[in-house]
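Notes for the structure review
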Amino acid sequence: MGKYHDLAEKIVNNVGGKENINSLTHCITRLRFKLKDESKANDDVLKNMDGVVTVMKSGGQYQVVIGNHVPAVYEDVVSIAGISADAEQESSGGNLFNRLIDILSGCFQPFLGALAAAGMVKGLNALLVFLKLYSATSGTYTMLNGIGDAIFYFMPVILGYTAARKFNLNPMVGIVIGAALCYPTVQGSALQAAFEATAGAGAPAPYSLLGLPAYDTFLGIPWVGAGYTSSVVPIIFIVAFAAQIQKLFKKLIPEVVQTFLVPFFVLLIALPVGFLVIGPIISMLTDLLSAGFQALMGFSPALYGVILGFFWQVLVIFGLHWSVVPLAIMQITQEGASQVLVGSFAASFAQTAVVMAMFFKLKDAKMKALCPPAIISGIFGVTEPAIYGITLPRKTPFIFSMIGAAVGGLYLMINGVTSYTMGGLGIFGVLNFINGDDASGMIHSFVAILIAVVIGFTLTFFFWKDDTVLEEITENKKAQKALKEAVLSPVKGRVLPLSKASDQAFAQGALGKGVLIEPTEGVVRAPFDGTVMTLFPTLHAIGLISDQGMELLIHIGMDTVQLEGNGFEGKVSQGDKVKKGQVLVTFDIEAIKAAGYSVETPVIVTNTGDYLDIVETQEREVTSNDTLITGLT
């Protein structure tokens, strides 16, 4: 249960319940719902709710304005509403590579917990056989192996369900498609065996398609068989195709008979096309990709281990690890072993060791209290609390963890360590490296853990200095006796009262006092010396805190979050220290206007309550050298 669970529950109830929510995203200050029926939302109740600033309706969105802590509220709303990953974020935007990553993550994330559990069962089974507690021919081994291996063997069925949800196909149809791919007599080996039973063992294939051997036909078309049990990628592409077939036949078939006729045509069209075209092509491409990775590792295992270990956590942050994880799953399920992810194994332990060292050096009591739970979760392979809450904002410790992970990855790869199952995370991951009576891989994994921990801890403990933003602000506040803080204009342009803003949340001062600027130049500069506390991914809004403690929100344009970063270019990153006059963000005024959005830019003091008064400039035009706001203390 999150910190804002009660607030989130009230919000969900008053937007018409979770069944009224089509999708949900958030920007820097507000939850952005797409509701099935906005009339079901209780506007007045939401507006008067503690924790809600106001409610806005714009661009087909029902916007609940929360304030700077909206990401935390968003997480609790998603949890309570049971919104799936594909409902939370639309995958239609971005370039082809980003959409591919989004699809892969959307298909695999829902069953990662079950995959981890199955991998742990297989690892435990291997460990107990290695310890001679029972043999690999015993009933105990057979049962545990079946429990652990089922999700890998029937991977197309699992992915058939999750991919169907991702592509808005009937999930039950997705399961049937996955089950059909696992049907024994349609496997490539079965088709070949059936042909050779008549033509004789070793008889050449009588047909060919795409240069591949085919042992049977479908309606006269050569049928290239493949082994689809335990496969990963073909099912995703076949389900994506099936979703388009479903969309077409929903338009053509009357609703009264859609329940059975739509699935009938989807299965009748999508599966033959999948078996005859999609499956063989995708299998061929994945074989080539797998061969490419093997060639790279064969060229230099050491280099591969260093690169993957060093950048693994960065890949995770941006979701790019989903370009590698499916390949590892595919190799293990089809070949029984893989080295694709071995070089990343030490990363979670390096990250955890860095947090351990930071615990001894942190001075801020609240930040120090975050370390123990982050360490515990890191030991079990869950490093998000450590990365996002502790190391990444301070940069240097995060880099130290990357170094430790790289050296650990180097050690594993030069020793030829191979993973024989997949799923065990953190300390449970050592079981992945047991192969029958051979536990040398597990021993090497412990050495890699030790290497990563020692390097990460040592670098952080001896070379990192605790100079957190909060401590600097506290010290500056004690040292400074000034009664006012002047803020220069971050944007050149015409000054208007905040009440003129087209967005009522800003116009009513709900988020704080400030002014409105009509920009004449597409440049945002730092109005004081301070720190970038929030930089939204779409770059349309930036939150700063001065060295004296003023919190400032600069919101470029209205509803410009919809542009998804187009027309904006960031010059700084979240957590950066900035100097007065430094360029933070640039934006294309004409492009934003051409897209149909206003460029009016509110500049808001979000901690207005900390000041006796906020005095706005009386000038009509301002440049970056002019004082825009003065906070009186």
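Description of the structure in this document. The structure displayed is predicted, hence computed values, not measured ones.

Definitions and limits used
- Residues numbered from 1 in each chain as written.
- Predicted model: local features only at pLDDT ≥ 70, side-chain atom pairs only at ≥ 80, totals over all residues.
- Heavy atoms only, no water.
- Helix = DSSP H or I, 4+ residues; strand = E, 2+ residues; numbered from the N terminus.
- Buried < 20%, exposed > 50% of the residue type's maximum accessible area, 1.4 Å probe, protein only.
- Contact = heavy atoms within 4.5 Å.
- Areas by Shrake-Rupley, 256 points an atom, 1.4 Å probe, with all protein chains shown as cover.
- Patch = residues over 30% accessible without salt bridge, like charges linked within 9 Å, V, L, I, M, F, W, Y side chains within 5 Å.
- Salt bridge = Lys/Arg side-chain N within 4 Å of Asp/Glu carboxyl O.
- Axes fitted to C-alpha atoms, helices over the stretch in contact; angles between N-to-C directions.
- Parallel < 35°, antiparallel > 145°, perpendicular 65-115°, else oblique.
- Left-handed = near helix turned anticlockwise from the far one by under 90°.
- Nonpolar A, V, L, I, M, F, W, Y, C, P; charged D, E, K, R; others polar.
- Polar contact = N/O pair within 3.5 Å; in protein donor to acceptor, adjacent residues only side chain to side chain.
- Core = buried A, V, L, I, M, F, W, Y, C linked by side-chain atoms within 4.5 Å.
- Expected span 1.5 Å × (residues − 1).
- Phe/Tyr/Trp six-rings, centres within 6.5 Å; stacked < 30°, edge-to-face > 60°.
- Pairing = 2+ DSSP bridges.

Moving on, we get to the overall build of the protein. The secondary structure content of the protein amounts to 22 helices and 22 strands. Of all 633 residues assigned to the protein, the portion counted as buried reaches 49%. For the protein, long-range pairs separated by at least 24 residues make up 70% of all intrachain contacts whose partners lie at least 6 apart in sequence. Total accessible area on the protein is roughly 29000 Å²; 61% of this is exposed by carbon and sulfur atoms.

Below, the discussion takes up a nonpolar patch on the surface. Taken together, the side chains of Ile376, Ile379, Phe380, Ile427, Phe428 and Phe446 present a nonpolar region at the surface, about 500 Å² in accessible area. Judged by relative accessible area, which is 33%, Phe428 ranks as partly exposed.

This paragraph deals with the packing of helix α18 (residues 396-414) against helix α19 (residues 440-463). Relative to each other, α18 and α19 sit at 155°, their axes nearing to 8 Å. Classified by the angle their axes make, α18 and α19 are roughly antiparallel. Of the two possible hands of crossing, α18 and α19 adopt the one that is right-handed. Residues Phe400, Ile403, Gly404, Val407, Gly408, Tyr411 and Leu412 of α18 touch α19, and the partners they reach there are His444, Ser445, Val447, Ala448, Ile451, Ala452, Ile455, Gly456, Leu459, Thr460 and Phe463. Class assignment of the residues belonging to the contact of α18 with α19 gives a composition of twelve nonpolar, six polar and no charged.

Here the focus is the side chain of Ser419. Among the structural elements, Ser419 can be located in the loop between α18 and α19. With a relative accessible area of 10%, Ser419 lands in the buried category. A polar atom in the side chain of Ser419 sits 2.6 Å from the backbone oxygen of Thr421. Those residues within four positions of Ser419 in sequence are excluded, and the remaining contacts are Ile332, Gly336, Ala337, Ser338, Val342, Asn432 and Phe433.

This next bit is on the nonpolar core. Leu169 and Val340 are the most contacted members of the largest nonpolar core, which totals 77 residues. The greatest single-element share of this core, amounting to ten residues, is contributed by helix α12 (residues 258-299). Residues within four places of Val340 in sequence aside, it is in contact with Phe293, Met297, Tyr304, Leu308, Val324, Leu327, Ala328 and Gln331.

This next bit is on helix α8 (residues 155-166). Under the 1.5 Å per step criterion, the end-to-end length of α8 is 16 Å for twelve residues, consistent within 8% with the ideal 16 Å. In terms of burial, α8 is largely enclosed, as nine of its twelve residues are buried. Those residues of α8 that sit buried are Met155, Pro156, Val157, Leu159, Gly160, Thr162, Ala163, Ala164 and Lys166. Residue Asn168 follows α8 closely and has a positive phi angle near 60°.

In total, this model carries 14 aromatic pairs according to the counting rule given. Ring centres of Phe360 and Phe457 lie 6.4 Å apart, and the angle between their planes is 75°; this geometry places the pair in the edge-to-face category. Of this pair, Phe360 sits in helix α15 (residues 347-361) while Phe457 sits in helix α19; the two residues are 97 residues apart in sequence, bridging distant segments of the chain. Overall, the relative accessible area of 55% leaves Phe360 in the exposed class.

Turning our eyes to something else, we now look at the sheet that holds strand β16 (residues 568-570). The three strands are arranged β12-β18-β16 in an open sheet whose pairing can be described as antiparallel. If you trace the sheet from one side to the other, it starts and ends with β12 (523-525) and β16, each paired once. Across the sheet, the mean angle from the axis of one strand to that of its neighbour is 15°, orientation sign disregarded. Sheet topology note: the β16/strand β18 (residues 583-587) ladder contains three bridges and is antiparallel. Within β18, the residue paired with Phe568 across the bridge is Phe587.

Taking 1.5 Å per residue, 19 residues should reach 27 Å; α18 reaches 27 Å between its end C-alpha atoms and fits that length. Just beyond α18, the residue with positive phi is Gly416, at close to 65°.

By the secondary structure assignment, Val578 is in strand β17 (residues 577-578). Spatially, the C-alpha atoms of Val578 and Gly530 are 5.5 Å apart, while their sequence positions differ by 48 residues. Not counting the four nearest positions on each side in its chain, Val578 is found in contact with Ala526, Phe528, Asp529, Gly530, Thr531, Val532, Val572 and Leu584.

Below, the discussion takes up the pattern of salt bridges. Applying the stated rule across the entire model yields six salt bridges. One salt bridge in this structure joins Asp437 and Lys132, with 3.5 Å as the shortest N-O distance. Of the two residues, Asp437 sits in the loop between α18 and α19 while Lys132 sits in the loop between α6 (112-130) and α7 (139-153), which places them 305 residues apart along the sequence. Of the two residues, Asp437 and Lys132, neither departs from the other in class, the shared state being exposed.

Looking now at the pairing of strand β13 (residues 530-535). Bridging between β13 and strand β14 (residues 541-546) involves five bridges; their strand directions are antiparallel. Note on β14: the bridge partner recorded for Leu535 is Ile542. Connecting the antiparallel pair β13 and β14 is a turn made up of five residues, with Leu539 showing a positive phi of about 65°. The pairing of β13 with β17 spans two bridges and is classified as antiparallel. Residue pairing for β17: Gly530 is matched across the bridge by Val578.

This part is about unusual backbone geometry. Despite not being glycine, Ser230 has its phi angle at roughly 70°, a positive value. Residue position: Ser230 is located in the loop between β8 (221-223) and α11 (233-252).

Okay, the sheet that holds strand β20 (residues 613-616) next. In spatial order, the strands read β9-β22-β20; together these three strands make up an open sheet with antiparallel pairing. Of all the strands in the sheet, just β9 (484-488) and β20 have a single pairing partner and so form its edges. Here the strands of the sheet are splayed against their neighbours by 20° on average, with no regard to which way each runs. Inspection of the sheet shows β20 paired to strand β22 (residues 627-632) by four bridges, in the antiparallel sense. Bridge assignment links Asp613 to a residue of β22, and that residue is Leu632.

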